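# Understanding the architecture of this molecule
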Amino acid sequence: MMTLNDKKQKMPMLTMLSPITSMLIFLVVIPLIYVLVLSFCKTNEYYQVMFTFSFDNYKNLLSPSYFQVYMNSIVIAAITTVICIVLGYPFAYYIVKQPPKIRTILYMLVIIPFWTNSLIRIYGWKSFLGASGLLNNLFVWLGITHKPLELLFNRGAVVLGMTYTLFPFMVLPLYTAIEKLDLTLIEASYDLGARKVNTFLHVILPLTSSGIFAGAIMVFIPTLGFFFVSDILGGGKSDMIGNLIERQFGSANNWPLGSALSIILILLTLIMVRLYTKAGGKLEDLG
Amino acid sequence: MIFMHNTRPDRTRPHLIGTLFACSIYLFLFLPIFVVILNSFNANKTKPYATFKGFTFEWYIKLFDNPALLSSFGNTLLVAFASTVLSVLIGTLAAVGMHRYKFKGKSAIDALLYIPVVIPEIILGISLLSVFAWVSIPRGLITLILSHVAFSTPFVIFTLRARLSGYDLTFEEAAMDLGANRIKTFAYVTLPLILPGILSGGLLAFTLSIDDVIISYFVNGTVKTFPLKVMESIKSGVAPDVNALSTLILLGTTGIVLLTQSGLFKSEAKS
């Protein structure tokens, strides 16, 4: 790599790499270590952080009421991921199969909703599904129901919001994986007498699994932390781990407990990423 | 390639079921945006402003009587510009440096870059908040900008890295052999070669910044960006002028991105 004169390299190398190094140290590494430290601290009666060492926060987090929230988070994240795969795969496949010009347009149409703030779009869902929203008005007008239905503030609404927000993160890696498919292998499979179903299960699916894995990680992990979706559409009735963290750093004002919750979320993330790399996934595909 | 296209086994006719399915997915993706646009023209003046009661431009006019909303949008643009410039600077230097040199700790930097990308945003938000409070940096525009730099720089680097992977160091050596100094070499040789990557990385950083809710929510202090203003008004029931501003922003961003996209494609084709 280093073909130019070695001694002259030191200065430019430092100029190029010290900004990123200091950014990573001061804005990523130190903050995360500090959260780890905080997670072993306590607060006094004035909500100030006391730098003592104890496992109390973690002990508190083992109580059943917290477990219920962890389970709810994992269930919502898992359902969201599965729905995104089931809807996203055929959708991405359909786009790839279009002629190049239409393909570019269809691809752009997946990205355009991103340009409206995600909160606004979630609010759009809220007002669509609300008691006096369009959907309920339509239902009453069609005579399906006399009283507006309560479509918000339950787990289903949260799953809908999460699926909506994260769907493109599933489609884009799937699109890349399906686009790279070597068509000669599919032809070979047909030539050798395999039917469509078998070709899909034994040739297409394994060859595009990298996209499924990358998409699953990019949907599952953020779902755990998107507190505003479960806040707005779940209305506090379907709390996730993100809501608990937000509350401890907000109204409850117990940063050490919130830090311990964050460490649990980080561990969960690390386990997922480890599973992903063990299954042969590459970190580059997540960028 | 052309040959392969012709022999595609299942490219015989557009699939009706497939098309219907794709259309319903697009309907799903655009539905809440239609609702927002519709509500921005809704003449209904009673909370929660949901039932459609006729067409009006009133909210677009009212928008300009709402200085708090407009200044939140100004803050969003300011934070987005500043953080984009910083992350593009840091990211470009880093991407070129990491492409050019082998050094101790390179794999560590590589691994650390994935942290802001992979961990849930809320973790980055609360950890930055904790550190800002610890070293008593007053929370406001500065902490917002720093935080946005933290999450967008890795994306700039990844975008540039893809661009640099096909980039040959010998161009730079040639320039230096011909007597150009480092700065001239960078300005006249390296920069033009990687400019499309810098532009798309910058565009990505800008988009991430203007859309960010979660990290800004923790580090903003009393400064409100547009998404945080939206968050505030959702809790009290969104006044339709927020819908009006969102509609205008959607129009604006669509226009800007379409323009830059076509510009990018041109410079991509040149090189």
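Structure report, in brief. The shown structure was predicted, so the numbers you read here are calculated from the model rather than taken from an experiment. (Residues numbered from 1 in each chain as written. Chains lettered and ligands numbered in written order. Predicted model: local features only at pLDDT ≥ 70, side-chain atom pairs only at ≥ 80, totals over all residues. Heavy atoms only, no water.)

### Looking at the overall build of chain B
- Each helix and strand counted, chain B has 12 helices and zero strands in total.
- Secondary structure elements in chain B, listed N-terminal to C-terminal, are α-α-α-α-α-α-α-α-α-α-α-α.
- Counting every position in chain B, which comprises 271 residues, the buried fraction comes to 49%.
- Here the contacts in chain B between residues at least 6 apart in sequence split such that 70% fall between residues at least 24 apart.
- Accessible surface, chain B as shown: approximately 13,000 Å² in total, 71% of it carbon and sulfur. (Helix = DSSP H or I, 4+ residues; strand = E, 2+ residues; numbered from the N terminus. Buried < 20%, exposed > 50% of the residue type's maximum accessible area, 1.4 Å probe, protein only. Contact = heavy atoms within 4.5 Å. Areas by Shrake-Rupley, 256 points an atom, 1.4 Å probe, with all protein chains shown as cover.)

### Topic: the overall build of chain A
- Across its full length, chain A carries 13 helices and two strands.
- For 287 residues, the compact-globule formula gives about 19 Å, and the C-alpha radius of gyration of chain A, at 24 Å, lies well above that figure.
- Expressed as lengths along the three principal axes of its C-alpha atoms, the size of chain A is roughly 80 × 70 × 35 Å.
- Each of the 287 residues in chain A was classed as buried or not, and the buried ones make up 51%.
- By sequence separation, contacts in chain A at least 24 residues apart represent 65% of the contacts at least 6 residues apart.
- Roughly 13,700 Å² of accessible area belongs to chain A as shown, and the carbon and sulfur atoms make up 69% of that amount.
- The centroid of the 20 positive side-chain charges in chain A is displaced by 1 Å from the centroid of its 13 negative side-chain charges. (Rg over C-alpha atoms; globule rule 2.2 N^0.38 Å. Lys, Arg positive; Asp, Glu negative; His and termini not counted. Charge placed at Lys NZ, Arg CZ, Asp CG, Glu CD.)

### Concerning the nonpolar core
- Ranked by internal contacts, the top residues of the largest apolar core, which has 150 residues, are A:Ile20, A:Phe91, A:Phe228, B:Leu29, B:Ile122 and B:Phe218.
- Examining the composition of this core, we find that 13 residues originate from one element, helix α3 (residues 64–96) of chain A, more than from any other.
- For A:Ile20, the residues in contact, after removing those within four places along its chain, are B:Ile90, B:Ala94, B:Leu113, B:Thr153 and B:Ile157. (Core = buried A, V, L, I, M, F, W, Y, C linked by side-chain atoms within 4.5 Å.)

### With respect to the packing of helix α12 (residues 241–249) of chain A against helix α13 (residues 255–278) of chain A
Residue and element names in this part refer to chain A.
- Two elements in contact, α12 and α13, have axes whose closest approach is 8 Å; the angle formed by their N-to-C orientations is 155°. Here α12 lies roughly antiparallel to α13, going by the angle between them. Relative to α13, the crossing made by α12 is left-handed. When α12 is examined against α13, the residues Ile 241, Leu 244, Ile 245, Gln 248 and Phe 249 are found in contact with a partner set consisting of Trp 255, Leu 257, Gly 258, Ser 259, Leu 261, Ser 262, Ile 264 and Leu 265.
- Broken down by class, the residue content of the contact of α12 with α13 amounts to nine nonpolar, four polar and no charged. (Axes fitted to C-alpha atoms, helices over the stretch in contact; angles between N-to-C directions. Parallel < 35°, antiparallel > 145°, perpendicular 65-115°, else oblique. Left-handed = near helix turned anticlockwise from the far one by under 90°. Nonpolar A, V, L, I, M, F, W, Y, C, P; charged D, E, K, R; others polar.)

### Details of the side chain of A:Arg121
- By the element assignment, A:Arg121 lies in helix α5 (residues 118–129).
- Comment: no salt bridge for buried A:Arg121; closest opposite-charge side chain is B:Asp211, at 4.7 Å.
- Contact partners of A:Arg121, with chain neighbours within four places excluded, come to A:Pro113, A:Phe114, A:Thr116, A:Tyr164, B:Pro32 and B:Ile33. (Salt bridge = Lys/Arg side-chain N within 4 Å of Asp/Glu carboxyl O.)

### As for the pattern of salt bridges
- Tallied over the full model, the rule gives seven salt bridges over all chains.
- Across the pair A:Asp239 and A:Arg247 runs a salt bridge, and its minimum N-O distance is 3.0 Å.
- Accessibility expressed as a relative area gives 15% for A:Asp239, which makes it buried.
- What makes A:Arg247 partly exposed here is its relative accessible area of 29%.
- A cluster of three or more residues bridged by salt bridges with shared partners is formed by B:Lys224, B:Lys229 and B:Glu232.

### Some thoughts on unusual backbone geometry
Residue and element names in this part refer to chain A.
- In this structure, Phe 153 is a non-glycine residue whose phi angle is positive, near 60°.
- If you trace the backbone, Phe 153 turns up in the loop between α6 (134–142) and α7 (155–179).
- Even without a glycine there, the phi angle at Asn 253 is positive, about 55°.
- If you trace the backbone, Asn 253 turns up in the loop between α12 and α13.

### As for the interface of chain B and chain A
- With 92 residues of chain B at the contact, the number on the chain A side is 87 residues.
- Approximately 8,300 Å² of surface area, both sides summed, lies buried where chain B meets chain A, with 78% of it carried by carbon and sulfur atoms.
- Area buried by chain B at its contact with chain A is led by B:Tyr26, B:Phe28 and B:Tyr101, which between them contribute 8% of it.
- Applying the counting rule to chain B against chain A returns seven residue pairs in polar contact (both at pLDDT 80 or more).
- Sort the elements by how many residues they give to the side of chain B that touches chain A and helix α2 (residues 16–40) of chain B lands first, with 16 residues.
- Residue composition of the side of chain B that touches chain A, by class: 65 nonpolar, 17 polar and 10 charged. (Buried area = accessible area lost by both parts, 1.4 Å probe. Polar contact = N/O pair within 3.5 Å; in protein donor to acceptor, adjacent residues only side chain to side chain.)

### So, the environment of A:Ile111
- Topologically, A:Ile111 is positioned in helix α4 (residues 100–111).
- Each C-alpha atom of the pair A:Ile111 and A:Val219 lies 16 Å from the other, and the pair is 108 residues apart in sequence.

### Points about α13(A)
Residue and element names in this part refer to chain A.
- Along its 24 residues, α13 runs 34 Å from first to last C-alpha, staying within 8% of the 34 Å computed at 1.5 Å per residue.
- Capping the start of α13 is the job of one residue whose side-chain oxygen sits 3.3 Å from the backbone nitrogen of Leu 257: Asn 254.
- Two residues or fewer after α13 comes Gly 280, characterised by a positive phi angle close to 100°. (Expected span 1.5 Å × (residues − 1).)

### Description of helix α6 (residues 121–134) of chain B
All names here are of chain B.
- Over its 14 residues, α6 extends 20 Å from the first C-alpha to the last, a length consistent with the 20 Å expected when each residue adds 1.5 Å.
- Those residues of α6 that sit buried are Ile 122, Ile 123, Leu 124, Gly 125, Ile 126, Ser 127, Leu 128, Leu 129, Ser 130, Val 131 and Phe 132.
- Directly beyond the C-terminal end of α6, a positive phi value near 45° is found at Ser 136.

### What about the side chain of A:Thr116?
- Looking at the secondary structure, you find A:Thr116 in the loop between α4 and α5.
- On the basis of relative accessible area, A:Thr116 is assigned to the buried category, the value being 4%.
- Each residue touching A:Thr116, except ones within four places of it in the same chain, is listed here: A:Arg121, B:Ile33, B:Asp211 and B:Leu250.

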